[in-house]
Amino acid sequence: MRARRVPVVDEYVEDGEAAVFVDGRVVVLSPLATHLLGLVADEWTDLKTVSQGLEAAFGVPPTGSAAEATAEALQALEAEGVVEIENSVNRPISN
Amino acid sequence: MSLSGPQLEIGLRTLDVPVVVRCHGRHAELLRDSVAHTWRDCTHEAAVDDPDPAVVDVVLDDDETVVEQARLRGATASTSLEHLLHDLSPVVTERAITRNAGRLLMLHAAGVADGESGACVALVAPSGTGKTTATRILARELGYASDETVGIRDDLGVVAHPKPLSILTSEHSALKVQTPASRLGLQPTPTGLHLAGVLVLRRDPDGPEVEVAPVRTVLALAELAPQTSYLSRLPRPLHRLADALVATGGLRVVTYREADALRPVVRDLLDGAA
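In this text the structure is predicted, and so the values were computed from the model without any measurement.

Peer 1: Please clarify how the overall build of chain B should be interpreted in this entry.
Peer 2: Along its length, chain B carries seven helices and 16 strands. Whereas a compact globule of 274 residues would reach a radius of gyration of roughly 19 Å, chain B reaches 19 Å, a difference of no more than 12%. Referenced to the eigenvectors of the C-alpha coordinate spread, the extents of chain B come out at roughly 55 × 40 × 35 Å. The long-range fraction of contacts in chain B, counting pairs at least 24 apart against all pairs at least 6 apart in sequence, stands at 72%. Taken as a whole, chain B presents about 12000 Å² of accessible surface, with 47% of it coming from carbon and sulfur. Charged side chains of chain B number 27 positive and 36 negative; the gap between the two group centres comes to 3 Å.

Peer 1: Is there a simple way to think about helix α1 (residues 28-38) of chain B in this case?
Peer 2: Note: α-helices contain 3.6 residues per turn, so residues at a spacing of three or four share the same orientation. Residues and elements named next belong to chain B. The set of residues buried in α1 consists of Ala 28, Leu 31, Ser 34, Val 35 and Thr 38. All buried residues of α1 project into a common sector of 125° when viewed along the axis, lining one side. On its buried face, α1 is in contact with β1 (8-14), β2 (17-24), β3 (54-60), α3 (81-99) and β12 (176-179).

Peer 1: Explain the interface of chain A and chain B to me, please; I cannot follow it from the model alone.
Peer 2: A common way to state how big an interface is: give the accessible area lost once the parts meet. Contact residues are listed per partner, giving twelve residues for chain A and 15 residues for chain B. Both faces considered, chain A and chain B share a buried interface measuring about 1200 Å² in area, 71% of it formed by carbon and sulfur atoms. Ranking the residues of chain A by area buried against chain B places Asp10(A), Tyr12(A) and Val26(A) at the top, with a combined share of 43%. Put simply, chain A and chain B have one salt bridge between them. Across the pair Glu17(A) and Arg216(B) runs a salt bridge whose closest N-O atoms are separated by 2.8 Å. Counting every contact that joins chain A to chain B gives four residue pairs in polar contact (both at pLDDT 80 or more).

Peer 1: Help me understand unusual backbone geometry, please; the structure alone is not making it clear to me.
Peer 2: Negative phi characterises most residues that are not glycine, and trans characterises most peptide bonds. Backbone geometry places Asp23(A), a non-glycine residue, at a positive phi of 50°. Inspection of the secondary structure puts Asp23(A) in the loop between β3 (17-22) and β4 (25-29). Not every positive phi belongs to a glycine, and Arg236(B) is a case in point at roughly 45°. Arg236(B) sits in the exposed class, given a relative accessible area of 53%.

Peer 1: Please clarify how helix α4 (residues 131-138) of chain B should be interpreted in this entry.
Peer 2: Burial analysis of α4(B) places six of its eight residues in the buried class, which makes it a mostly covered element. Taken residue by residue, α4(B) has Lys131(B), Thr132(B), Ala134(B), Thr135(B), Ile137(B) and Leu138(B) as its buried positions.

Peer 1: Please explain the sheet that holds strand β7 (residues 119-124) of chain B as it appears in this structure.
Peer 2: Sheets are built from strands paired through backbone hydrogen bonds, the pairs being either parallel or antiparallel. Residues and elements named next belong to chain B. Spatially, β8-β6-β7-β13-β16-β14 is the arrangement adopted by the six strands of the open sheet, whose pairing is mixed. Of all strands in the sheet, those bounded by a partner on one side alone are β8 (143-146) and β14 (210-215). Direction aside, the axes of adjacent strands within the sheet are offset by 25° on average. As judged from the three bridges shared by strand β6 (residues 109-113) and β8, these two strands associate in the antiparallel manner. Paired with Val 112 across the two strands is Tyr 144, which belongs to β8. Set on the sheet, α4 makes contact with β6, β7, β8 and β13 (194-203); between it and β6 the angle comes to about 10°. On the sheet, helix α5 (residues 217-224) packs against β7, β13, β14 and β16 (251-256) and is oriented at approximately 70° with respect to β13.

Conventions adopted
- Residues numbered from 1 in each chain as written.
- Chains lettered and ligands numbered in written order.
- Predicted model: local features only at pLDDT ≥ 70, side-chain atom pairs only at ≥ 80, totals over all residues.
- Heavy atoms only, no water.
- Helix = DSSP H or I, 4+ residues; strand = E, 2+ residues; numbered from the N terminus.
- Rg over C-alpha atoms; globule rule 2.2 N^0.38 Å.
- Contact = heavy atoms within 4.5 Å.
- Areas by Shrake-Rupley, 256 points an atom, 1.4 Å probe, with all protein chains shown as cover.
- Lys, Arg positive; Asp, Glu negative; His and termini not counted.
- Charge placed at Lys NZ, Arg CZ, Asp CG, Glu CD.
- Buried < 20%, exposed > 50% of the residue type's maximum accessible area, 1.4 Å probe, protein only.
- Arc of directions from axis to C-beta.
- Buried area = accessible area lost by both parts, 1.4 Å probe.
- Salt bridge = Lys/Arg side-chain N within 4 Å of Asp/Glu carboxyl O.
- Polar contact = N/O pair within 3.5 Å; in protein donor to acceptor, adjacent residues only side chain to side chain.
- Pairing = 2+ DSSP bridges.
- Axes fitted to C-alpha atoms, helices over the stretch in contact; angles between N-to-C directions.

Below, the structure written as structure tokens:
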């Protein structure tokens, strides 16, 4: 799995939480999602790279593997329209 | 636009935009006088000599065909004066807002201000949820800046939109009568307006008499963004909005039963800014 950031209008970070202006709306991300977004580059980024960064910051997830938790979190970010996952069938439709 | 019949012009200025309303049709004179009356708090004769004003064409005529043709040409037209004034208000507002895209931070908010200091509080709420009612109560003592849109410059100067207030004639009518603020006994717009605070209004007839809750700025951005115009056209729009909030003590949500209860809340913000 690989992911990359979607261009956004603006991004404001306060106390580790980000407000992201994308597709005409503002999405507020949790500290974990904000950190995750920071690990995803504008170019395609491997799941392994992102997963390692997330594990280093937040530790091992209580259940499942770090890679599984990261993939799930990336899918949530994709649903919010702030990242794109390669060959994903769940990408939100932009207006 | 080419419209038949006489054309009478009125110059307005609102949201810092010169607006020329061109009145056409069989009853152009009556229309001109009525627009001049309802928009008297925005009257600005020099707008007609401005090299690039926003232009609004309005047509009042008994002939349905004339009205239909005028609409096809982009004019705001009607056989009814009351309907025409009702339709004109959002058109003027939209033109003024469009001209300010990329320049002003524009909140869907009422604005009331201290008559001496010019400190102004923006009361944000979606349409039909209390802005006009709150304005009618608060602006009996405070200066009237708007019941619809407040423009904020990057230096936190506030640009007024003192349009006529849209007031429902009855519960069963969708038509709002346009009434100038000065006719309702509201105080005139002070000079030197500057932002003193931003409140989100949440009227709850079954809630507390009045309750004020601060909102963290990162959450406030998501709360306020839907209540803005052309936000994405500003450079770094979230930072512009956040800067305005942080400089004025952050966003507050005020839950209240009746608009009278807003008075001390607004007064506190104005006094704090003095």
